[in-house]
Amino acid sequence: MMPWALEGVELGEDVLEIGSGPGLSTDWLRAKVSHLTSIEIDDRLAASLQQRLGGTNVTVVEGDATDMSFPDASFSTVVCFTMLHHVPSAELQDRLLAEAFRVLRPGGVFAGSDSTPNLIWNLFHVLDTRVPVPPSTFAGRLQAAGFGEVEVERGEEVFRFRACKPAAG
């Protein structure tokens, strides 16, 4: 899914991955960039990634992506894969979008993907946080966070998005 989600996206030299989870996407991304910072809210997952990826081009930060400690305009690209639905409310999802915008450099891209619900998805997430992100309204939410050049494209049981932070003027 990640090659499709990032098709045509220039990642740049300093990428932020939001919600790395167990690090499957992190492993794929780190081979493609000079430096990858990964923020993960789950302390156990973050500790595991820190231990496993210590001494590599990955910096793992335990933290909440709705309130990141990174300075403004820190990253060339911000990405997240199949994790937005784990953010416990639409309001917090929008706060995450605003934070992604804040830490992204002017001219940078925010890109990623998320699942669209179906019966199997609902069963898989029955005891989990799941707040579906409707692809039909996601472009407007990205624009409300300040992004331009927004694209949202549906695939089979998934959608991808990309949006740009306007270049400094």
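An account of the accompanying structure is given in this report. Computed from a predicted model, the values in this text were never measured in an experiment.

1. Quick word on the overall build of the chain
Link 1 in the chain: Broken down by element type, the chain carries 6 helices and 7 strands.
Link 2 in the chain: The linear arrangement of helices and strands in the chain, starting from the amino end, is α-β-α-β-α-β-β-α-β-α-α-β-β.
Link 3 in the chain: Over its C-alpha trace the chain gives a radius of gyration of 15 Å, about what one expects of a compact globule, namely 15 Å for 169 residues.
Link 4 in the chain: For the chain, the spread of C-alpha atoms along the principal axes amounts to about 40 × 40 × 30 Å.
Link 5 in the chain: The buried share among the 169 residues of the chain stands at 48%.
Link 6 in the chain: In the chain, of all internal contacts separated by at least 6 residues, the share reaching a separation of at least 24 is 66%.

2. Some details on the packing of aromatic side chains
Link 1 in the chain: A full pass over the atoms with the stated rule returns 6 aromatic pairs.
Link 2 in the chain: Each ring, one from Phe70 and one from Phe75, has its centre 5.1 Å from the other, and the planes form 85 degrees; the classification is edge-to-face. Here Phe70 and Phe75 have matching classes, each one buried.
Link 3 in the chain: An aromatic cluster of at least three residues, connected via ring pairs, comprises Phe101, Phe110, Phe138, Phe147, Phe159 and Phe161.
Link 4 in the chain: The ring of Trp28 has Lys32 lying over it, and the distance from NZ or CZ to the ring centre is 4.5 Å.
Link 5 in the chain: Looking at Lys165, its charged tip hangs above the ring of Phe101, at a distance of 4.8 Å from the centre.

What counts and what doesn't
- Residues numbered from 1 in each chain as written.
- Predicted model: local features only at pLDDT ≥ 70, side-chain atom pairs only at ≥ 80, totals over all residues.
- Heavy atoms only, no water.
- Helix = DSSP H or I, 4+ residues; strand = E, 2+ residues; numbered from the N terminus.
- Rg over C-alpha atoms; globule rule 2.2 N^0.38 Å.
- Buried < 20%, exposed > 50% of the residue type's maximum accessible area, 1.4 Å probe, protein only.
- Contact = heavy atoms within 4.5 Å.
- Phe/Tyr/Trp six-rings, centres within 6.5 Å; stacked < 30°, edge-to-face > 60°.
- Lys NZ or Arg CZ within 6 Å of the ring centre and 35° of its normal.

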